[in-house]
Amino acid sequence: MIKIKALVIDDEEHARRLLHRLLDELQCFDEIHTAASAAVAAKELKNFTPDMIFLDVEMPGKDGFTFLSDFPLMEKKPCIVIVSAYDQFAMKAIKSHAFDYLLKPVDRRELKSCVEKFLESRKPAVKDSPDKFSRIRINTRTGVIFINPATILYCKAEGNYSVICTGEKQHLCSVNLGKIEELLTENSFLRVGRSYIINREYITMLDRKESVIVLSREGETVKVQIPRHHLRDIDNL
């Protein structure tokens, strides 16, 4: 099994000890360091390069999100898992490129799922075999979904997450857009800038004035706002 390193940042001592113990139980960490504040964590990161950081949001002094905005430049950035007693910060966590979001008190099963998902993310993306009707397998926060690429209208980056739109349904996936691009090997998909993958088969209109692409399939119509400087990506369609 791959051994990984973790840093737990939380101003509450009992919370640090509990999470340290739960991570120890998983038996896949060879080093677990702790820090009682963002300032202590910043010093810790000068001599320690964790694979995962478990970060409390509400701390005296510099809070978790401020710590992320001031995160030191590192050759290989660790995966950030927000740990909070409140679920109201979940959307902000996604926008801050957090890998996952755990509620306190941390549940053993959810923590195990989070770590397993991290380990899975380090493996090369693998496409499903033909006997699964060419569906692709993609991880979500709660498990796995299998999607037929032909049903996908577009995919959008949401930090380290991605949203896959199949019309009325939108799936929040716990992999970045690059991973999804590796799976979508069919020629019908077009990468538009850093934030979108578009299924060119369903493009029915491009409004250059409004920077909007219109996608239609089986009576469903979706409008996608594209940054104006990326409209050239579809000029050769």
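On a predicted model such as this, the values are computed, not experimentally measured, just so you know.

Trainee: Quick question: what am I supposed to make of unusual backbone geometry here?
Mentor: Across the chain, the bulk of peptide bonds are trans and the bulk of non-glycine residues have phi less than zero. The linkage connecting Lys104 with the following residue, Pro105, adopts the cis geometry, with an omega of -10°. Position of Pro105 relative to the elements: it lies in the loop between β5 (100–103) and α5 (108–121). In this structure, Gln27 takes a positive phi of about 60° despite not being glycine. Within the secondary structure layout, Gln27 lies in the loop between α1 (13–26) and β2 (29–35). Residue Ser211 is not a glycine yet carries a positive backbone phi of 55°.

Trainee: Looking at this structure, I do not really get the packing of α1 against α5. What am I missing?
Mentor: A packed helix pair is summarised by two numbers, namely the angle formed by the two axes and the spacing between the axes. Between α1 and α5, the least distance of the axes is 10 Å, while the angle of their chain directions is 60°. Compared by their axis directions, α1 and α5 come out oblique. Every pair of crossing elements has a handedness; the one defined by α1 and α5 is right-handed. Side by side, α1 and α5 meet where Leu19, Arg21, Leu22, Leu23, Glu25 and Leu26 of the first sit next to Arg108, Leu111, Lys112 and Val115 of the second. Taken together, the residues of the contact of α1 with α5 break down into 6 nonpolar, no polar and 4 charged.

Trainee: I tried to follow the state of the cysteines on my own but got confused; where do I start?
Mentor: Here a disulfide denotes a covalent bond joining the sulfur atom of one cysteine to the sulfur atom of another. For the structure on display, the rule yields 0 disulfides. In this structure Cys114 is not part of a disulfide, and its nearest cysteine sulfur, from Cys79, lies 6.0 Å away. Relative accessible area serves as the criterion here: at 0%, Cys114 is assigned to the buried category. Cys155 takes part in no disulfide bond, and the closest cysteine sulfur to it belongs to Cys173, at a distance of 7.7 Å. Accessibility expressed as a relative area gives 0% for Cys155, which makes it buried.

Trainee: When you look at the sheet that holds strand β8 (residues 154–158) in this model, what are you seeing that I'm missing?
Mentor: Strands sit in the order β10-β9-β8-β12-β11 across an open sheet of 5 strands; the sheet is antiparallel. If you trace the sheet from one side to the other, it starts and ends with β10 (170–173) and β11 (189–192), each paired once. For this sheet, the mean inter-axis angle between neighbouring strands, taken without regard to orientation, is 20°.

Trainee: Would you mind going over α1 with me for this structure?
Mentor: Every α-helix winds through 3.6 residues per turn, so residues three or four apart in the chain are directed the same way. Over its 14 residues, α1 extends 21 Å from the first C-alpha to the last, a length consistent with the 20 Å expected when each residue adds 1.5 Å. Those residues of α1 that sit buried are Ala15, Arg16, Leu19, Leu22 and Leu23. Buried residues along α1 cover an arc of 135° about the axis, so they all sit on one side. Summarising the geometry of α1, the exposed residues directed more than 90 degrees from the buried face are His14 and Arg17.

Trainee: Looking at this model, I keep getting lost on the sheet that holds β5. Mind explaining?
Mentor: Consider a sheet: its strands pair through backbone hydrogen bonds, and that pairing is either parallel or antiparallel. The sheet built from 5 strands is open, its strands ordered β2-β1-β3-β4-β5 with parallel pairing. Of all strands in the sheet, those bounded by a partner on one side alone are β2 and β5. Each neighbouring strand pair of the sheet contributes to a mean axis angle of 20°, computed without reference to strand direction. Note that strand β4 (residues 79–84) and β5 share 4 bridges and pair parallel. The residue of β5 that forms the bridge with Val83 is Leu102. Those strands touched by α1 are β1 (4–9), β2, β3 (52–56) and β4, and its axis lies near 175° from that of β2.

Trainee: Help me understand the pairing of strand β12 (residues 196–199) in this model?
Mentor: The side chains of a regular strand alternate, first on one face of the sheet and then on the other. Taking every second residue as pointing to the same face, both faces of β12 are buried, with Tyr196 and Ile198 on one and Ile197 and Asn199 on the other. Judged from the 4 bridges that link them, β11 and β12 form a sheet pairing that is antiparallel. In the strand pairing of β12, Phe189 is matched with Asn199. Between β11 and β12, which pair antiparallel in sequence order, lie 3 residues; one of them, Gly193, sits at a positive phi of approximately 65°.

Calculation notes
- Residues numbered from 1 in each chain as written.
- Predicted model: local features only at pLDDT ≥ 70, side-chain atom pairs only at ≥ 80, totals over all residues.
- Heavy atoms only, no water.
- Helix = DSSP H or I, 4+ residues; strand = E, 2+ residues; numbered from the N terminus.
- Axes fitted to C-alpha atoms, helices over the stretch in contact; angles between N-to-C directions.
- Parallel < 35°, antiparallel > 145°, perpendicular 65-115°, else oblique.
- Left-handed = near helix turned anticlockwise from the far one by under 90°.
- Contact = heavy atoms within 4.5 Å.
- Nonpolar A, V, L, I, M, F, W, Y, C, P; charged D, E, K, R; others polar.
- Disulfide = S-S within 2.5 Å.
- Buried < 20%, exposed > 50% of the residue type's maximum accessible area, 1.4 Å probe, protein only.
- Pairing = 2+ DSSP bridges.
- Expected span 1.5 Å × (residues − 1).
- Arc of directions from axis to C-beta.

By themselves these figures say nothing about function.
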